Amino acid sequence: VSLVRPAAPSDGNKLSESLDLASEFVTTSPNSSSDIMSSSVRNLLTGANLGVAGDGRGVELQLSSTRTISYRILHPLGHVFDPEDLSLARLVAGRPVIFAVDRHVYAGYGETIEPYAATHLLSLGVVLVDGDEKRKSWSQVEMLCTAAANASLPRDGVIVAVGGGVTLDLAGMAAAMFRRGVDFVRIPTTLIGIVDVAVGIKQGINFNGRKSLLGSFYPSIGAINDVTFLRTLPLEELTFGISEIIKMAMVSDRALFGLLESRGRELLLRESAIDWQFVRDITLWSERLMMLELQLDLYESSRARLVDFGHTFSPSLEASTAYDVPHGKAVALDMLLSTTLAVGRGLCTPDVLERLVGLYRSIGLPLFDAALRSELLMESLSAARQHRGGDLNLVLPTQVGEATFAQDVHLAEIESALAHMSRAVARHHAVGI
Ligand SMILES: NC(=O)c1ccc[n+]([C@@H]2O[C@H](COP(=O)([O-])OP(=O)(O)OC[C@H]3O[C@@H](n4cnc5c(N)ncnc54)[C@H](O)[C@@H]3O)[C@@H](O)[C@H]2O)c1
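All values derive from a computational prediction rather than experimental measurement. (Residues numbered from 1 in each chain as written. Predicted model: local features only at pLDDT ≥ 70, side-chain atom pairs only at ≥ 80, totals over all residues. Heavy atoms only, no water.)

Caption draft 1: Helix H5 (residues 103-120), seen in detail. Over its 18 residues, H5 extends only 22 Å from the first C-alpha to the last, a length that falls short of the 26 Å expected when each residue adds 1.5 Å. Roughly 80° is the biggest bend found in H5, and it falls at Tyr109. Listing the buried residues of H5 in full gives Val105, Tyr109, Gly110, Ile113, Tyr116 and Ala117. Taken together, the buried residues of H5 touch helix H4 (87-92), strand E4 (96-102), strand E5 (122-129) and strand E6 (158-163). The opening residue of H5, the one whose side-chain oxygen lies 2.7 Å from the backbone nitrogen of His104, is Asp102. (Helix = DSSP H or I, 4+ residues; strand = E, 2+ residues; numbered from the N terminus. Expected span 1.5 Å × (residues − 1). Bend = angle between axes of the 7 residues up to and from the residue. Buried < 20%, exposed > 50% of the residue type's maximum accessible area, 1.4 Å probe, protein only. Contact = heavy atoms within 4.5 Å. Polar contact = N/O pair within 3.5 Å; in protein donor to acceptor, adjacent residues only side chain to side chain.)

Caption draft 2: Region of the structure containing the pattern of salt bridges. Across all of its chains, the model carries 19 salt bridges by this definition. A salt bridge links Asp130 to Arg135, with the shortest nitrogen-to-oxygen separation between them at 3.5 Å. Its relative accessible area of 22% is what places Asp130 among the partly exposed residues. In this structure, Glu261 engages Arg355 in a salt bridge whose closest nitrogen and oxygen atoms are separated by 2.7 Å. With Glu261 in helix H10 (residues 254-263) and Arg355 in helix H14 (residues 350-363), this pair connects stretches of sequence that are 94 residues apart. (Salt bridge = Lys/Arg side-chain N within 4 Å of Asp/Glu carboxyl O.)

Caption draft 3: Structural view of H10. Looking at H10, one finds that the buried residues are Leu256, Phe257 and Leu260. Along the long axis of H10, the arc covered by the buried residues comes to 105°, so they all point the same way. Those residues of H10 that are exposed and aimed more than 90 degrees away from the buried face are Arg254 and Ser262. Where H10 is buried, its residues touch helix H9 (235-252), helix H11 (276-294) and H14. Capping the start of H10 is the job of one residue whose side-chain oxygen sits 3.0 Å from the backbone nitrogen of Ala255: Asp253. (Arc of directions from axis to C-beta.)

Treat this as a map of the structure, not an account of what it does.
Now the structure itself:
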């Protein structure tokens, strides 16, 4: 009996090769094959859209399939719930809709959402979501699924999520599971939501004391990035949100970093002082950079991703403080620590760190936090390795606009970097800056 190799995993249609293997299996194993696959079954399989393979001790049927992903991020000139704006109505195309709206956002925008829904959509109702990171958990996903079930949202129905990253992630999880997946639309109302969450295809919830331990890769059918929501976003949220733009600039675009240095503070202006054109330009720039990086590996199969800059130590920082340290702040601290480590290793010159510190100071991002403890940071390296298939892939800048990956970090380096960071804060306080 000659051994027949199983068909290699394929990314295309390997049907004919697999069927050849099957016939070889059957014809070269006269004693055993008749028990496993009779000629009538073999005839049935021949011509079916399935690969067949075996190793002499069994038969394997194989189906390969690919799915094309395509989604759009729309940028309306005005407000998405303006009666004249048809972006959302066109995306859902007459299908039944259930809204998942952040409670605070509903307080400010419910009066525009409701009439828009009544005029342009077949709305089954609005579910209010608690957009607090401490409640980004299974219970709220279940609550959303229950609401969708009670409203009889059909398989072709659409969940429209309106809120920050917490709401978008919770609604994305519900959409991925309800009826094994219904379409969903993201309408981000925070800076992080606009430049980061809306651009990718994943969502996560906190579980068992760990940040984003449960999650899914499940693309929305589209996002509507309406920057006018930022008008009501609390200043602190806006400040922390800039972290995700700095992330993209630091790892992939020195010109964007330069723009943040010269005009980043303008993102914090309020009311009539807001330059909407600038806000649109800088968010679009950042979104495009993010999309370019994501499209290289949308499902994170390589697990070495520049967009993970600031996302190695930060999940543990968030979780260990019971989410008192918000996401954007944790990312900012992680980026600063990583850049300090890079300087310590001689991977980049000290002026890269000085520019980052200068940018943080101009925007009001933190330079240190008591939650930064060396033991916790070492633990976060193990957690990151588990998450990234065994490799650390810590993103360290080599210059402004470029970065590399590190696979190991020692306790002594972390302690030295922390000492450097706290001395820098003390120095700034001493000179009264
Ligand atoms: N899925 C992804 O790819 C991805 C990417 C980045 C971040 N995230 C997640 O996003 C979360 C952080 O999200 P976030 O920073 O957008 O904040 P958030 O959702 O935590 O919201 C922050 C606060 O702002 C309020 N708020 C939101 N929009 C408002 C508005 N326009 N006006 C007034 N108040 C408003 C919310 O009620 C909340 O209190 C984290 O859980 C993070 O893990 C996910």
